[in-house]
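# A structural walkthrough
Next come the chains, spelled out residue by residue.
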Amino acid sequence: MKKNSLGIIGGGQLGMFLCQAAKKQNLRTVVFSTTENFSAKNFCDSYFISDFNDNTKIDKFIDSADFFTIETENIPKNFLKKIEKKKKLFPNSNIIEISQNRLKEKKFLNSIENIKTVNFKSINNFDDLLKSFNLFNHKAILKTCEMGYDGKGQFKLSRENINKFKNSKLKNYILEELINFKKEISVIVCRSQKDIVTYPPVENIHKDSILRETIFPADISQNVKKNAISIAKRIANELDLEGILAIEMFLMKDNTVLVNELAPRPHNSGHWTMDFCKISQFDNLVYSIFYGNTRKPNPFKECRMVNVIGKDYSKKNNYQKKYNFYDYFKDEIKELRKMAHYTFTD
């Protein structure tokens, strides 16, 4: 019998777009959400609302689909392992585990020949913090090893605020040297057992550690472009990736590239592909899962993607008239929450 159903762990906007991509291929989607109201609710064929401890619902979810994927990496490891005992997960739990932990991720990246990250140190107490802070010339960012995204769990350190952490429980933190980079870029790679494709590098503009805008193509030299794509492919091959992976990078002033972090799922910086590529990042993930191959993205126009954050959502009618607007159907507006995005061509 043909396998035709996809289980998606997480029901946010990435899950919603994945449901739409699957529907184009006449595939069924089942979403597992830990919240009552979620973006993908009206786009999936069925769903389970549960926490990660309800074994009965988890078993039913696993039995409800042929293949599984994620739209967030912040998922308990035992939940992922439980799926893998019965079904195939894209990407596999080892890859997700690496990306869940900043320290593990940095060590993995630096183990690949000619791939580098910023300098970093493992922090488990205030003494560690002080030594490493001095080593990094008093310019550093303290981050939780796990569960941080969109700037959460991150603290920019200075001589003025370092002592505030004296009585903090600092177990499982990482200190990263603060660097002076030229720009931030990212590459999305999709890989199957048969082939591998990359989306061209894009330039990303962040504010308060949240992506605000993505520009395609990135304004970079051909050499930098080739290097960024080569790095993305090497990481995907080293991981033996089946599925999709976004690689965020720093372009330094001397045109070298440092890898910042990995996301083993579709990525915010790839939303432009829905309107300006023949095959979007979501389409390609579906192809890699159900057909065991990938398709060339074939981008056809220069463009921009802008996130609609917090109260900017009140201008939604204006955005809808002027741009390709995508509502995330969030149940409430929060200050730094991604509420929607829009794309346009210059």
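Bear in mind that the values here come from a model prediction, so they are computed numbers and not experimental data.

Conventions used here
- Residues numbered from 1 in each chain as written.
- Predicted model: local features only at pLDDT ≥ 70, side-chain atom pairs only at ≥ 80, totals over all residues.
- Heavy atoms only, no water.
- Pairing = 2+ DSSP bridges.
- Helix = DSSP H or I, 4+ residues; strand = E, 2+ residues; numbered from the N terminus.
- Axes fitted to C-alpha atoms, helices over the stretch in contact; angles between N-to-C directions.
- Contact = heavy atoms within 4.5 Å.
- Parallel < 35°, antiparallel > 145°, perpendicular 65-115°, else oblique.
- Nonpolar A, V, L, I, M, F, W, Y, C, P; charged D, E, K, R; others polar.

This next bit is on the sheet that holds strand β7 (residues 140-144). The four strands lie next to each other as β6-β9-β7-β8, forming an open sheet whose pairing is antiparallel. Two strands in the sheet have a free side with no partner beyond their single neighbour: β6 (120-123) and β8 (154-157). Across the sheet, the mean angle separating the axes of adjacent strands is 25 degrees when strand polarity is ignored. Here β7 pairs with β8 via four bridges, running antiparallel. The residue of β8 that forms the bridge with Ile 141 is Lys 156. Across the sheet, helix α6 (residues 126-135) lies against β6, β7, β8 and β9 (173-177), angled at about 170 degrees from β6, the strand it touches most.

Here the focus is the packing of helix α4 (residues 93-100) against helix α5 (residues 102-110). What describes two packed helices is the angle between their axes and the distance between those same axes. Remark: α4 packs on α5, axes separated minimally by 5 Å, with the N-to-C direction vectors making an angle of 110 degrees. It follows that α4 is roughly perpendicular to α5 by the angle criterion. Two secondary-structure elements touch here, α4 through Glu 97, Ile 98, Ser 99 and Gln 100 and α5 through Arg 102, Lys 104, Glu 105 and Phe 108. In terms of residue class, the contact of α4 with α5 is made up of two nonpolar, two polar and four charged.

Another point: the sheet that holds strand β2 (residues 28-33). Hydrogen bonds between backbone atoms are what pair the strands of a sheet, whose relative direction is either parallel or antiparallel. Taken in spatial order, the five strands of this open sheet run β3-β2-β1-β4-β5, and their pairing is parallel. Here the strands that pair on one side only, and so sit at the sheet edges, are β3 (46-49) and β5 (88-90). Shown here is a sheet whose adjacent strand axes are inclined to one another by a mean of 25 degrees, direction ignored. Bridge count between strand β4 (residues 67-70) and β5: three bridges; the pairing is parallel. Bridged to Thr 69 within β5 is Phe 90. The strands touched by helix α3 (residues 77-86) are β1 (5-9), β2, β4 and β5; relative to β1, the strand with the most contacts, the crossing angle is about 165 degrees. Where helix α9 (residues 281-290) meets the sheet, its contacts fall on β1, β4 and β5, and the angle it forms with β4 comes to roughly 145 degrees.

Okay, the environment of Ser 46 next. By the element assignment, Ser 46 lies in strand β3. Measuring from C-alpha to C-alpha, the distance between Ser 46 and Pro 200 comes to 34 Å, with 154 residues separating the pair along the chain. Beyond its immediate stretch of four places on either side in the chain, Ser 46 contacts Arg 28, Thr 29, Val 30 and Val 31.

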